[in-house]
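Structural description and commentary
Residue-level listing of the chains:
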Amino acid sequence: MTLIKSISGIRGTIGGNVGDNLTPIDAVKFASAYGVWLKQQRNKENYRVVVGRDARISGEMIQNLVMNTLVGLGIHVIDLGLSTTPTVEVAVPMEHADGGIILTASHNPKQWNALKLLNAKGEFLNGEEGAKILDIAENGEMIFAEVDHLGEITKNEAYIDIHIDEVLKMPLVNKEAIADAQFRVVVDGVNSTGGIAIPLLLERLGVHTVKLFCEPNGQFPHNPEPLKEHLYDLAAEVVKENADLGIVVDPDVDRLAFMDEKGEMFGEEYTLVACADYVLSKTPGNTVSNMSSTRALRDITEKHGGSYEASAVGEVNVVELMKKNNAIIGGEGNGGIIYPELHYGRDALVGVALFLSLLAEKQMTTSELRATYPNYFMGKKKIELTPGMDVDGILAKMEDRYQNENLTTIDGVKIDFSNSWVHLRKSNTEPIIRIYTEAPSQEEADALGDKIISEIKAIANI
């Protein structure tokens, strides 16, 4: 089907033709290129890489290929086994490793997998570093270790517990208030590693947990992107269990969404808004999210006396701007919380702990908490890419068409109108053009998206 190489990693569907999909040969090729690049960063005797995976069906196969490729380069591997993306990010500096690889395709369906690549800080590689790895892969600049200098694999399956320990050490996590609130929570782990990590965290916080799809077998019971239209079972279970809220994560546990006690979505965009509200109320400062995220974060930040800025889409871009602006919390509107107090990476475990602290201190229901935030409505649409489609040309013509509006072009084209906005860009993770809109009502947001799609189709003659 497809193989996508971007700042979000090497991502593709399993099986098929070499170079067109994520085949075993492609997994070895790009793992080799990463290992060679890593060894170019520092001249030392021993190199170490942390490797973990989500529970998708192809994970064990891809992980074994990747780990043994690194061994062939003379690199030692710390094998976390079933893990989460933020857990691997936490483990890299704790292990004094030179880098890390997470085998996950995030929210993509089960036929997908990917290599997400980390540096020695446990942070995603930037565009320049990623381009260098692609150059190495294409040029075949790889020299493997001789037999006496092969690497070794060491298993360490304790890191989800260690990650939880680190979350609970954060000063703003109000463990006593959470325990006193006696929350009842339903968790949808989409049969991946969130089904391991989130219930363990909630247990440590004294929360009564009802597990739904928490068997880490990779058989996703629904589309794994945590959106309302995929979560009917969670809504029914929350109401049936008379729960205070529902929690859902994506397969690698870096995206987080909540559902209120009525079975209604809190709003994936508002995960970051609520967590930022809590953090800013304790430690005022600046925030960052990406260009496709809600204006509500800007409103909340300014309410607490801080300043807000928007980055290009992609975790590495958000992190770069957070460091530049000394942001104390940030992330992406897709439910990704980045809280530098622990690490610079999207982390659903951090988000759960902060959100429950806020909810416990406010002593209100989840729906009452949602009603305290500005009401914006977002539309998310997409256009499938076809062979020969000139995405750059399409974006250039849209930029020209709206040249008299407030435009931002650091990542595709974003058009800010007086009470709404639209952002269109080529996806880093799927062969699509993403179209995000936000307006005062859902009808207006959807209508704006439909209008933009019609204009794009006319430009592209599709």
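Please read these numbers as outputs of a predicted model, since none were measured by experiment. (Residues numbered from 1 in each chain as written. Predicted model: local features only at pLDDT ≥ 70, side-chain atom pairs only at ≥ 80, totals over all residues. Heavy atoms only, no water.)

1. Structural notes on the pattern of salt bridges
Threshold: For salt bridges, the criterion is a side-chain nitrogen of Lys or Arg within 4 Å of an Asp or Glu carboxyl oxygen. Labels follow the DSSP assignment, with helices taken as runs of H or I lasting at least four residues and strands as runs of E lasting at least two, numbered in each case from the N terminus. Note on classification: 1.4 Å probe, protein chains only; a residue is buried when its accessible area is under 20% of the maximum for its type, exposed when over 50%, partly exposed between these limits.
One pass over the structure, following the stated rule, counts 27 salt bridges. When the shortest N-O distance is used, the salt bridge between Glu225 and Arg255 registers 3.3 Å. Of the two residues, Glu225 sits in the loop between β9 (208-212) and α8 (232-240) while Arg255 sits in the loop between β10 (245-249) and β11 (256-259), which places them 30 residues apart along the sequence. For Glu225, a relative accessible area of 18% gives the class buried. Taking the relative accessible area as the measure of exposure, Arg255 reaches 4% and is therefore buried. Among the salt bridges present, the one from Arg295 reaches Asp416, with a minimum N-O distance of 3.1 Å. Taken together, the positions of Arg295 in the loop between β12 (286-290) and α10 (296-303) and Asp416 in strand β18 (residues 413-416) put the pair 121 residues apart, joining distant regions of the chain. By the burial criterion, Arg295 is buried, and Asp416 matches it. Salt bridges sharing partners connect three or more residues here, namely Lys116, Asp252, Asp254, Glu315, Glu332 and Arg346.

2. Details of the sheet that holds strand β19 (residues 421-426)
Going by this rule: We call two strands paired when DSSP finds no fewer than two bridges between them. Interaxial angles span 0 to 180 degrees and are taken between N-to-C directions of axes, which are lines fitted to C-alpha atoms, for helices over the stretch in contact. The contact criterion used throughout is that any non-hydrogen atoms of two residues lie within 4.5 Å.
The strand order β16-β20-β19-β18-β17 describes an open sheet built from 5 strands, whose pairing is antiparallel. The open sheet terminates on both sides in strands that have one partner only, identified here as β16 (377-384) and β17 (406-408). On average, adjacent strands in this sheet sit at an angle of 15° to one another, irrespective of strand direction. Pairing between β19 and strand β20 (residues 432-439): 6 bridges, direction antiparallel. In the sheet register, His423 faces β20, and the bridge partner there is Tyr436. Together, β16, β19 and β20 form the strand contacts of helix α15 (residues 442-460), whose direction differs from that of β16 by roughly 25°.

3. Here's the deal with the sheet that holds β11
Within the open sheet, the 4 strands sit side by side as β9-β8-β10-β11. Their pairing is mixed. Single-partner strands in this sheet number two, and they are β9 and β11. The mean inter-strand angle of the sheet, taken between neighbouring strand axes irrespective of direction, is 25°. By the bridge criterion, 4 bridges tie β10 to β11 in an arrangement that is antiparallel.

4. Quick notes on the side chain of Thr366
Along the polypeptide, Thr366 turns up in helix α13 (residues 366-370). Look past the residues within four positions of Thr366 in its chain and what remains in contact with it is Asp244, Leu245, Met259, Asp260, Glu261, Phe266, Phe355 and Leu359.

5. So, the packing of aromatic side chains
For clarity, the cut-off: Stacked, edge-to-face and tilted labels apply to pairs of Phe, Tyr and Trp rings (six-membered ring for Trp) whose centres lie within 6.5 Å, assigned for plane angles under 30 degrees, over 60, and everything in between, in that order. Lysine and arginine charges are scored as sitting over a ring when NZ or CZ, respectively, is within 6 Å of the ring centre and within 35 degrees of the ring normal.
On inspection of all chains with the given rule, the structure shows 5 aromatic pairs. Ring geometry for Tyr402 and Phe417: centres 6.1 Å apart, planes at 75°, overall edge-to-face. Linking Tyr402 in the loop between α14 (391-401) and β17 with Phe417 in the loop between β18 and β19, this pair joins segments that are 15 residues apart in sequence. For Tyr402, a relative accessible area of 9% translates into the label buried. Take Phe417: its relative accessible area is 21%, and that puts it in the partly exposed class. An aromatic cluster of three or more residues is present, and its members are Phe258, Phe266 and Phe355. Note that Lys323 overlies the ring of Tyr344, its terminal NZ or CZ placed 5.0 Å from the centroid. Here Arg370 stacks its cationic end above the ring of Tyr270, 3.6 Å away from the centre of that ring.

6. Focus on unusual backbone geometry
In the Ramachandran plot, Gln182 falls in the positive-phi region, its phi being about 50° despite a non-glycine side chain. Given the relative accessible area of 66%, Gln182 is considered exposed.

7. A look at the environment of Asn290
Under the convention used in this document: We define a polar contact as two N or O atoms separated by no more than 3.5 Å, with the added condition that, inside protein, one atom must be a possible hydrogen donor and the other a possible acceptor, whereas residues neighbouring each other in sequence contribute only through side-chain atom pairs.
Of note, Asn290 is situated in strand β12. When residues no more than four places from it in sequence are discounted, the contact partners of Asn290 are Tyr308, Ala310, Ser311, Ala312, Val313, Val318, Gly331 and Glu332. Engagement of the side chain of Asn290 in a polar contact is seen with the backbone nitrogen of Ser292, the distance being 2.8 Å. Here Ser293 takes part through its side chain, which lies 2.9 Å from a polar atom of the side chain of Asn290.

8. Quick look at the packing of helix α5 (residues 159-169) against helix α12 (residues 348-362)
Stated precisely, the cut-off is as follows: A crossing counts as left-handed when the near helix is turned anticlockwise from the far one by less than a right angle, and as right-handed when that turn is clockwise. Residue classes follow a fixed rule: Ala, Val, Leu, Ile, Met, Phe, Trp, Tyr, Cys and Pro count as nonpolar, while Asp, Glu, Lys and Arg count as charged, and any other residue, Gly among them, counts as polar.
For the pair α5 and α12, the least separation of the axes is 10 Å and the interaxial angle reads 35°. Crossing of α5 over α12 shows right-handed handedness. Contacts from His163, Ile164 and Val167 of α5 reach α12 at Leu349, Val350 and Ala353. Looking at side-chain class alone, the contact of α5 with α12 contains 5 nonpolar, 1 polar and no charged residues.

These results come straight from atomic positions and should not be treated as a statement about function.
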